[in-house]
Amino acid sequence: MSVTTNPNHNNITIEFIELLRTEGNKIWNVCLSLNSDLKYKQGVKGITDKDFKNISYKSEHLLLKDIVQMYNTYTSHYNKTSEIPSKLKFILIFLYEKLQGKDLAKAIDIQQLIKLPLSKRFNENVVLLQETSFFQPLEELKKEYVSTLVLSKIGSSEFDAVASFLNRIALIMAQVDGTISEKEKETLKTISSKINNPKIQIEKSNYRDIPEGDTLEKVMAELNGLIGLDTIKKNVEDLTNFLKVQQLREEKDLKTNQNSLHAVFMGPPGTGKTTVARMLGRIFKHLGYLKRGHLVETDRAGMVAGYVGQTAIKADEIITAATDGVLFIDEAYALSSGGMNDFGTEAIEILLKRMEDLREKLVVIVAGYPDEMEVFIQSNPGLQSRFNRYFTFDHYDDKTLLEIFKLNAKKADFKLTEDAEDKLSEIIHGLYEKRHKGFGNARTMRNLFEKIIEKQANRIVNISEITEEVLVTLTEEDIPPINKTIKEIIVFNEE
């Protein structure tokens, strides 16, 4: 950050104060609107640290948390606190007072206000604001800009207003010394990206964005690189080709079929259903059918609440987060397993309505065991009419499971001796022969791999001189007993 000869020179003007006042007035009106919005209040609770759930936070608390974070980001560019411009500190003080409902430009004579940074308490108050915890988000969100995060989460129409305010304040902060250095430009770019594209956080659900620099060619290469899943690969390729041709017909003003992209994935756990769902989101994005193509993965726990009135809020929040992408509901049959009075039925009705409202902006993929999924789809006429694409995922055979295990080992810089591979093959063959509906497939291979490398660590830990070869090699001694391991894993999977 470029530094003036006297960074604490008081260069605050009436025009600068009026600029801050205008911004403050606009955002204060937005705060008043949000504070009376029940959906917003629920959204704030969803991103609040569990130890602070009982605190009644308002929108201005989240904004102050973000403004202080922004301020700290810019001040980190200076080697000494004495170098920080008074004008930058003034922004923090002025906006704090504004978001407390106090207009300094009205409360204090304008000339006195201009001289505020020269007062004894000014710097003390700045430090006090920096150390104040205005809002306590979940641990993983502490470095995020929570004001736009919660608005994005609930699909609020106020998102643009708040994002614009924060972006303008970030720009004002960058310009306090009259210039914007290259470092400041990079900081401004980073802040703006976080404000405009907030990290999505949904309770009991996972959010997966598409990779940076992604292309259709990259997705298809990844799909074809998956071990096994030959039938699924062919199904996805056929669907991709169909959608490409539909686009070509549309470009030539020819009639096209209605493209319902909602799908049912039927199969046991660990057979790649989530992986393929994520790839489909990316494919739909690159073909222009979805704007973002991200994946939100959830299940009954993520959509259904335990008391009246909350399932609608919870389900709507998940669906909003998945808009412009794919909503993947694992073990979806659990939504209908509780009977007519169960809140799962309410979640299904909300899902069906939103699928209709967002028919060009949302793809829903429901997944689970084949028999249960058939019952689930048949349980509601709305589900039968909206889901007409079915993908069947089969158990991996023993040879494919061994390939998956070896791929896990290779990625983690391990290799098997010939004897170790032979013993491992017997375990995997036994697991495959005794597999049942709940057999974990690739997940089981991952768990088995972790068990084996733990056993290897116990074997080599006391070796006086451990070479790289020793570290990366899995021997027959590291593979657990065959029959005992098969029995343990099969029983565990059943449970």
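Scroll up for the structure.
Here goes a summary of the coordinates provided. (Residues numbered from 1 in each chain as written. Predicted model: local features only at pLDDT ≥ 70, side-chain atom pairs only at ≥ 80, totals over all residues. Heavy atoms only, no water.)

In this section: the sheet that holds strand β4 (residues 326-329). The 6 strands lie next to each other as β1-β3-β4-β5-β2-β6, forming an open sheet whose pairing is mixed. For this open sheet the edge positions go to β1 (206-208) and β6 (389-392), each flanked by a neighbour on one side alone. Going across the sheet, the axis of each strand differs from the next one's by a mean of 20 degrees, ignoring polarity. Here β4 pairs with strand β5 (residues 363-368) via 4 bridges, running parallel. Along β5, the bridge assignment pairs Ile329 with Val366. (Pairing = 2+ DSSP bridges. Helix = DSSP H or I, 4+ residues; strand = E, 2+ residues; numbered from the N terminus. Axes fitted to C-alpha atoms, helices over the stretch in contact; angles between N-to-C directions.)

Core analysis: the largest hydrophobic core is formed by 60 residues, its most contacted members being Met70, Tyr74, Phe90, Ile91 and Met173. For this core, the element with the most residues is helix α9 (residues 159-174), which contributes 10 residues. Residues Met220, Val276, Met279 and Met445 belong to the second largest nonpolar core, which totals 52 residues. (Core = buried A, V, L, I, M, F, W, Y, C linked by side-chain atoms within 4.5 Å. Buried < 20%, exposed > 50% of the residue type's maximum accessible area, 1.4 Å probe, protein only.)

What follows is about helix α16 (residues 343-357). Taking 1.5 Å of rise per residue, the 15 residues of α16 would be expected to cover 21 Å, and the 21 Å separating its terminal C-alpha atoms lies within 8% of that figure. Among the residues making up α16, those that are buried are Gly344, Ala347, Ile348, Ile350, Leu351, Leu352, Arg354 and Met355. Buried residues belonging to α16 abut α14 (300-303), α15 (310-322), β4, β5, α17 (370-378) and α18 (381-386). (Expected span 1.5 Å × (residues − 1). Contact = heavy atoms within 4.5 Å.)

Let us now look at the side chain of His77. Mapped onto the fold, His77 is located in the loop between α3 (59-75) and α4 (86-98). Among the polar contacts made by the side chain of His77, one reaches the side chain of Thr187 at a distance of 3.0 Å. (Polar contact = N/O pair within 3.5 Å; in protein donor to acceptor, adjacent residues only side chain to side chain.)

Turning next to the environment of Leu104. Here Leu104 shows up in helix α5 (residues 104-107). Leu104 sits in the buried class, given a relative accessible area of 4%. Note: C-alpha distance between Leu104 and Phe94 (10 residues apart in sequence) is 6.8 Å. Residue contacts for Leu104: discarding those within four places in its chain leaves Ile93, Phe94, Glu97 and Leu113.

This next bit is on unusual backbone geometry. Residues other than glycine seldom take positive phi values, yet Asp324 does so here, at roughly 75 degrees. When you line up the elements, Asp324 lands in the loop between α15 and β4. A relative accessible area of 15% means that Asp324 is categorised as buried. Even without being glycine, Asp413 reaches a positive phi, approximately 65 degrees. If you trace the backbone, Asp413 turns up in the loop between α19 (398-411) and β7 (415-416).

The subject of this paragraph is a positive patch on the surface. Together, Lys41, Lys45, Lys53 and Lys58 give the surface a local cluster of positive charge. Along the chain, the position of Lys45 falls in helix α2 (residues 38-46). (Patch = residues over 30% accessible without salt bridge, like charges linked within 9 Å, V, L, I, M, F, W, Y side chains within 5 Å. Areas by Shrake-Rupley, 256 points an atom, 1.4 Å probe, with all protein chains shown as cover. Salt bridge = Lys/Arg side-chain N within 4 Å of Asp/Glu carboxyl O. Lys, Arg positive; Asp, Glu negative; His and termini not counted. Charge placed at Lys NZ, Arg CZ, Asp CG, Glu CD.)

According to the stated counting rule, one finds 25 salt bridges in the structure shown. Note that Asp51 is salt-bridged to Lys50, the shortest N-O span being 3.6 Å. Of the two residues examined, Asp51 and Lys50, each falls in the exposed class. Taking the shortest distance from any N to any O, the salt bridge between Lys406 and Glu421 comes out at 3.3 Å. Here Lys406 is found in helix α19, whereas its partner Glu421 is found in helix α20 (residues 418-433), with 15 residues between them in sequence.

The next thing to look at is α4. Its 13 residues give α4 an end-to-end C-alpha distance of 18 Å, which sits within 8% of 18 Å, the value for a rise of 1.5 Å per residue. Most of α4 sits out of view: 11 of its 13 residues are buried. Residues Ser86, Lys87, Leu88, Lys89, Phe90, Ile91, Leu92, Ile93, Phe94, Leu95 and Lys98 constitute the buried set of α4. Those residues of α4 that are buried lie in contact with α1 (14-34), α3, α5, α6 (110-114), α7 (122-131) and α9.

Another aspect to go through is a nonpolar patch on the surface. Side chains of Ile463, Ile466 and Leu471 sit close together on the surface and give an oily, nonpolar patch of about 220 Å² of accessible area. Following the sequence through the fold, Ile463 ends up in the loop between α21 (442-460) and α22 (468-472).

With that out of the way, let us pick up a negative patch on the surface. Taken together, Glu418, Asp419, Asp422, Glu426, Glu476 and Glu477 make up a surface patch of like negative charges. Tracing the chain through its elements places Asp419 in helix α20. The partly exposed category is assigned to Asp419, whose relative accessible area is 46%.

The subject of this paragraph is the pairing of strand β2 (residues 263-266). Residues of β2 alternate between two faces, with Ala263 and Phe265 on one and Val264 and Met266 on the opposite face, all of them buried. As defined by bridge partners, β2 adjoins β5 across 4 bridges and the pair is classed as parallel. Across the sheet, residue Ala263 finds its bridge partner in β5, namely Ile365. Sheet topology places β2 next to β6; 4 bridges connect them, and they run parallel. Bridge pairing in β6 links Met266 to Thr392.

A few words now on the packing of aromatic side chains. Scanning the model with the defined rule gives 10 aromatic pairs in all. Ring geometry for Tyr57 and Phe135: centres 4.7 Å apart, planes at 80 degrees, overall edge-to-face. In this pair, Tyr57 sits in the loop between α2 and α3 while Phe135 sits in the loop between α7 and α8 (146-154), placing the two residues 78 residues apart along the sequence. Ring plane angle 65 degrees and centroid distance 6.4 Å describe the contact between Phe265 and Phe328, whose orientation is recorded as edge-to-face. With Phe265 in strand β2 and Phe328 in strand β4, this pair connects stretches of sequence that are 63 residues apart. Between the NZ or CZ atom of Lys87 and the centre of the ring of Phe16, over which it lies, the distance is 4.5 Å. (Phe/Tyr/Trp six-rings, centres within 6.5 Å; stacked < 30°, edge-to-face > 60°. Lys NZ or Arg CZ within 6 Å of the ring centre and 35° of its normal.)

To continue, consider the packing of α1 against α4. Here α1 crosses α4 at 35 degrees, and the two axes come no closer than 10 Å. Read as a crossing pair, α1 and α4 show a hand that is right-handed. Here Phe16, Ile17, Leu20, Arg21, Gly24, Asn25 and Trp28 of α1 lie close against α4, whose contacting residues are Lys87, Phe90, Ile91, Phe94, Leu95 and Lys98. (Left-handed = near helix turned anticlockwise from the far one by under 90°.)

Remember that the coordinates give geometry; whether it matters functionally is a separate question.
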